[in-house]
Amino acid sequence: MGPVVRTIEHWIDGTSANGTSARRSQVWNPATGQPQAEVVLASAADVDTAVQAAKRAFASWSQSSLSQRTKVLFAFRELVNAHVGELAEIVSDEHGKVVSDAAGEVQRGLEVVEFACGIPQLLKGDYSDQVSRGIDAFSFREPLGVCAGITPFNFPVMVPMWMHPVAIACGNTFVLKPSERDPSASLRIAELWTEAGLPDGVFNVVHGDKEAVDALLDHPDVEAISFVGSTPIAKYLHQRGTTSGKRVQALGGAKNHAIVLPDADLDFASGHLVAAAFGSAGERCMAISAAVTVGGAGDALVEAVNAKARDVVVGPGRDQRSEMGPVVTAQARDRIIGLIDAGEAQGGKVTTDGRGLVVPGYENGFFVGPTVVDQVTPEMDVYREEVFGPVLSVLRADSVDAAIELINANPYGNGTAIFTNSGEAARRFMRGVKVGMIGINVPIPVPMAYYSFGGWKDSLFGQSHIHGPEGVAFYTRAKAVTSRWPHVEQSVDSSFHFPTAQ
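Bear in mind that the values here come from a model prediction, so they are computed numbers and not experimental data.

Quick look at a nonpolar patch on the surface
A surface patch of nonpolar side chains, amounting to about 360 Å² of accessible area, comprises Met448, Tyr450 and Tyr451. Along the chain, Met448 falls in the loop between strand S20 (437-440) and strand S21 (456-457).

A word on the sheet that holds strand S1 (residues 6-8)
If you walk across this open sheet you meet the three strands as S1-S5-S4, and the pairing is mixed. Since the sheet does not close on itself, it has two edges, and those belong to S1 and strand S4 (24-29), each with one partner. Within the sheet, the average angular offset between the axes of one strand and its neighbour, ignoring direction, is 40°. Across three bridges, the pairing between S1 and strand S5 (residues 34-40) is parallel. Across the sheet, residue Thr7 finds its bridge partner in S5, namely Glu38. Those strands touched by helix H3 (residues 84-95) are S1, S4 and S5, and its axis lies near 105° from that of S4.

Details of helix H13 (residues 330-345)
Between its terminal C-alpha atoms H13 stretches 22 Å, which fits the 22 Å expected from 16 residues at 1.5 Å a residue. For H13, the set of buried residues is Ala330, Ala332, Ile336, Leu339, Ile340, Ala342 and Gly343.

So, the nonpolar core
Of all hydrophobic cores here, the largest spans 67 residues; its most connected members are Phe76, Val80, Trp162, Phe174, Trp193, Phe203 and Tyr475. Broken down by element, the residue count for this core peaks at seven residues, all from helix H4 (residues 99-116).

Description of the packing of aromatic side chains
What the rule picks out here adds up to ten aromatic pairs. Ring geometry for Tyr127 and Phe138: centres 5.9 Å apart, planes at 15°, overall stacked. Taken together, the positions of Tyr127 in strand S6 (residues 126-132) and Phe138 in strand S7 (residues 135-143) put the pair eleven residues apart, joining distant regions of the chain. Residue Tyr127 is classed as exposed on the basis of its relative accessible area of 53%. Linked through ring pairs, Phe76, Phe174, Trp193 and Phe203 together constitute an aromatic cluster.

What counts and how
- Residues numbered from 1 in each chain as written.
- Predicted model: local features only at pLDDT ≥ 70, side-chain atom pairs only at ≥ 80, totals over all residues.
- Heavy atoms only, no water.
- Patch = residues over 30% accessible without salt bridge, like charges linked within 9 Å, V, L, I, M, F, W, Y side chains within 5 Å.
- Areas by Shrake-Rupley, 256 points an atom, 1.4 Å probe, with all protein chains shown as cover.
- Salt bridge = Lys/Arg side-chain N within 4 Å of Asp/Glu carboxyl O.
- Helix = DSSP H or I, 4+ residues; strand = E, 2+ residues; numbered from the N terminus.
- Pairing = 2+ DSSP bridges.
- Axes fitted to C-alpha atoms, helices over the stretch in contact; angles between N-to-C directions.
- Contact = heavy atoms within 4.5 Å.
- Expected span 1.5 Å × (residues − 1).
- Buried < 20%, exposed > 50% of the residue type's maximum accessible area, 1.4 Å probe, protein only.
- Core = buried A, V, L, I, M, F, W, Y, C linked by side-chain atoms within 4.5 Å.
- Phe/Tyr/Trp six-rings, centres within 6.5 Å; stacked < 30°, edge-to-face > 60°.

Geometric descriptors of this kind do not, in isolation, establish any biological role.
Here is the structure:
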């Protein structure tokens, strides 16, 4: 008899729930290449159970006071902060990223919780006295109802926290559908919400695949959908969700460029490029996957990047010596290797090769080592595709303007960066690129929580970016009130007689 496999269940109405579906999916340990659990996959009926629980909870939570909400949010913040290490280990075991990187993910998620703790200030309306004689005008914002989040595998704590703390702070209830590849962190977060005093049904978790996603998209009681993931699915969710009358914020994929000018500090730029390309095994929507060298910067930069890439320590995420872990699944590994193969076949020069990497003691793990492909051109598959792995393509451009044109020709517009000591070049780059998030000597320019996160072009469907001011606006709707109280003089004499109708 084999070992008992742990079953990961849903979280509905304040408790674990197995659901009605018999379908299951394996959850792997990417470092060992072995299954470690199975997760239940929701049916449409299971999704409806979660939505109905959230709908019931909305009736009271939407009427809760701002002080009650902030009390819960502050308690939740303290609990998450106390369990950063535990959450990081959960993420590492199922995603594969190193524990220190996973802890950083949790901290960035906490920044959104801290932003949401300021909800009394964020929901303040406007008031105009005496807009006309005896008439005042004012506005305020109300929650929508049941909101849903559909989130990717690469940040199983942080990306959901871009959504549910803001939604809940605004008075909504929430149904989260996390990635079935690393689902356990969401359940631990649900337990912490309950411990913080959040009423049952306000936060729910349903695991699943396309069946669960479609059930959320089509459910008449779901008012809004937030999504982060690949561009084809973002486009699909936006079209299907808006067709059914929902608000949808759908953040898609990326091909993030960093341009390096000849005046840039070579050691600084190469070190940050290596970290931005290979951190979290490149499984970040803000990872730098294309470096564009300008003028004579190319050969020296490639040499420096190669030297640093070969020094990256690759190993299991739980090993404190590891700087980079495995990718999430065997399928992801094989796809990444296939794109490296294609880049080489199409004329690219693989100067650091991570194919075939074997980590002693973890021979079955899903490892791909840091890889640098030089002499890449825009026609190559390794450039056109979102690799989502530890692969850095190096392209060449004659000028800053040529580099800007190259970036703008790409269908994605998520993030980009420039390495330079020239303020004029940085300003020209900042104003010229058609990209939503820009770093100047900062390779991964993820905005702080009090700004909003999101790209342009095929990296965003719909108009709403996530968290920050746009997140508050997304999870609420405005009411504008025009008020008059006419002056009425009424004089009634007092009387000790028994009152009668007049």
